[in-house]
Amino acid sequence: MSSFRTPRGYVVAGVAAAVLLTGCGSDSLGGDTGADDAAGVAGGPVDIGLLVPTSGVYAPLGEDMEQGFRLFLDQNDGKLGGREANIHVVDEGESPDTGVPGAQRLVQQQVDAVVGIVNSGTALGVRDLFEESQIPLIIANAGADAITGERKSDYVWRTSFSNGAVAAPLGTYVAENCESAFLVAADYAAGKEATAAFEKTFTAAGGNVAGSVYPPFGTTTNYQPFLAQITQSGADCVYTFFAGAEAVAFTKQYRELGVTAALYSSGFLTEGGVLTAAGEAAVGVETSLHYSDQLDNERNTEFVEAYQAAYDEAPTVYAVQAYDAAQALDQALADGAETGAEIVDGLQGIDTIDSPRGEFGFDDGHGPDQTYYLRKVESKDGGLINTVVQELDAS
Ligand code: BEZ
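Residues numbered from 1 in each chain as written. Predicted model: local features only at pLDDT ≥ 70, side-chain atom pairs only at ≥ 80, totals over all residues. Heavy atoms only, no water.

### Section: the site of the ligand
Okay, step 1: Inspection of the region around the ligand gives 15 residues, with Val118, Asn119, Ser120, Gly143 and Tyr188 positioned closest.
Okay, step 2: With respect to the ligand, the backbone of Val118 contributes an N or O atom lying 3.3 Å from an oxygen atom.
Okay, step 3: One of the side-chain nitrogen or oxygen atoms of Ser120 is found 2.6 Å away from an oxygen atom of the ligand.
Okay, step 4: Taking 260 Å² as the accessible area of the ligand by itself, protein coverage stands at 100%.
Okay, step 5: At a threshold of 2 Å from the grid points, most atoms of the ligand map onto the largest cavity.
Okay, step 6: Considering only residue class, the shell around the ligand consists of 10 nonpolar, five polar and no charged. (Near = heavy atom within 4 Å. Polar contact = N/O pair within 3.5 Å; in protein donor to acceptor, adjacent residues only side chain to side chain. Areas by Shrake-Rupley, 256 points an atom, 1.4 Å probe, with all protein chains shown as cover. 1 Å grid on protein atoms, 1.4 Å probe; cavity = no way out; pocket = protein on both sides within 12 Å on 5 of 7 lines; lining within 4 Å. Sits in = over half its atoms within 2 Å of the grid points. Nonpolar A, V, L, I, M, F, W, Y, C, P; charged D, E, K, R; others polar.)

### So, the layout of surface pockets
Okay, step 1: In this structure, the largest pocket occupies an estimated 420 Å³ of space.
Okay, step 2: Taken together, 24 residues form the lining of the largest pocket, with Leu275, Thr276, Asp293, Ala314 and Leu384 sitting closest to its centre.
Okay, step 3: Of all the elements in the fold, those that place two or more residues in the lining of the largest pocket are α9 (273-278), β15 (373-380) and β16 (383-391).
Okay, step 4: With four residues, β16 is the single largest residue contributor to the lining of the largest pocket.
Okay, step 5: Along the lines of polarity and charge, the residues of the lining of the largest pocket split into six nonpolar, 11 polar and seven charged. (Points joined across faces, edges and corners; volume = space filled by probe spheres on them. Helix = DSSP H or I, 4+ residues; strand = E, 2+ residues; numbered from the N terminus.)

### Focus on the packing of aromatic side chains
Okay, step 1: The full count for this structure, using the stated rule, is 19 aromatic pairs.
Okay, step 2: Lys192 extends its terminal NZ or CZ atom over the ring of Tyr214, reaching a point 4.8 Å from the ring centre. (Phe/Tyr/Trp six-rings, centres within 6.5 Å; stacked < 30°, edge-to-face > 60°. Lys NZ or Arg CZ within 6 Å of the ring centre and 35° of its normal.)

### Concerning the pattern of salt bridges
Okay, step 1: Here the structure, examined in full by the defined rule, presents nine salt bridges.
Okay, step 2: Here Asp354 and Arg299 are joined by a salt bridge, their closest N and O atoms 3.4 Å apart. In this pair, Asp354 sits in the loop between α12 (340-348) and β13 (361-362) while Arg299 sits in helix α10 (residues 298-311), placing the two residues 55 residues apart along the sequence.
Okay, step 3: Given a relative accessible area of 37%, Asp354 falls into the partly exposed group.
Okay, step 4: Close ionic contact of Arg357 with Asp324 constitutes a salt bridge, the shortest N to O distance being 2.8 Å. Of this pair, Arg357 sits in the loop between α12 and β13 while Asp324 is found in helix α11 (residues 317-333), placing the two residues 33 residues apart along the sequence.
Okay, step 5: Given the relative accessible area of 5%, Arg357 is considered buried.
Okay, step 6: One connected set of salt bridges, linked through shared partners, spans Arg127, Asp128, Glu131 and Arg151. (Salt bridge = Lys/Arg side-chain N within 4 Å of Asp/Glu carboxyl O. Buried < 20%, exposed > 50% of the residue type's maximum accessible area, 1.4 Å probe, protein only.)

Here is the structure:
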């Protein structure tokens, strides 16, 4: 189970990305990686960079992503597209200050493809690097809207979501029950994009926004001043975007300070270890997301069982997104693709990914064409779950 410390406890000093070597590859990213040797050898090993946070407020998300990616490998003899896969894990850290150098390092080493990235700012910061180096990047979390919109690239794909796509359908739904909403979100690209999308659909459906506030990302541990503003606004409900350690601190303090407005959020607020750590404080929170481990389909049942057996915990959306990135690479490499351009052709040729969230294909921006669900936190068998209430209308 992922553990959560305070956001401050996770703050990363300096800009150098830590490099962790794990998995099948025994090579060092600081020296001869073997990646150059492998690239271009038909049927030879494939080198994949896994750029995920192993430090900072999003470290638990990175752990889930690595577990999801490795589960697919474990189920497929350590291979992608029939080729032995060497995995090079690099710490994304908390922000672009660490994530961008991490990506540069993997590109310099000429890995065959990169998977990962949690933070929207990092995704935006590395987009041109991958386009120019012609190394395919599959983003397995970061939701920056432009990445699959106006800044889409042949070389950048995404198996996760866009921040606006998760928040927009929730705005329409919330307006059915709430006249006046307060918006509070982490002060960086993801929080800003999520609140903008929520506000657009919420106001279009007749809701009124009573106010908004953006606590500094990565350093805020005391949400009291922001929560006081919510109470003063008199709003009936609150929409929020927080994830990782910040989600735990926000939700606990929301209840401790007795804020009575109904709490709605993009689903990251109550996902995985965050939900366990927030405990009773999260009960009743309603969220939108494209996955819950409670989804009732055969593929998900099988996936949940396998994940539980491998890691002794339930899977999260982060694990599923990385598992599906492995599935996408598996398909893209299956016809002997070797160069970045050939891998991109392979990605382009994918019809559907058989995901635990339900089958999906890629849209024109290279993001998933998928269903979003309304989820509600409930107590069950002594634990907490994200019950799937209904599909949300994404129109
Ligand atoms: C983002 O930065 O896009 C993000 C981070 C954590 C959870 C969801 C989105």
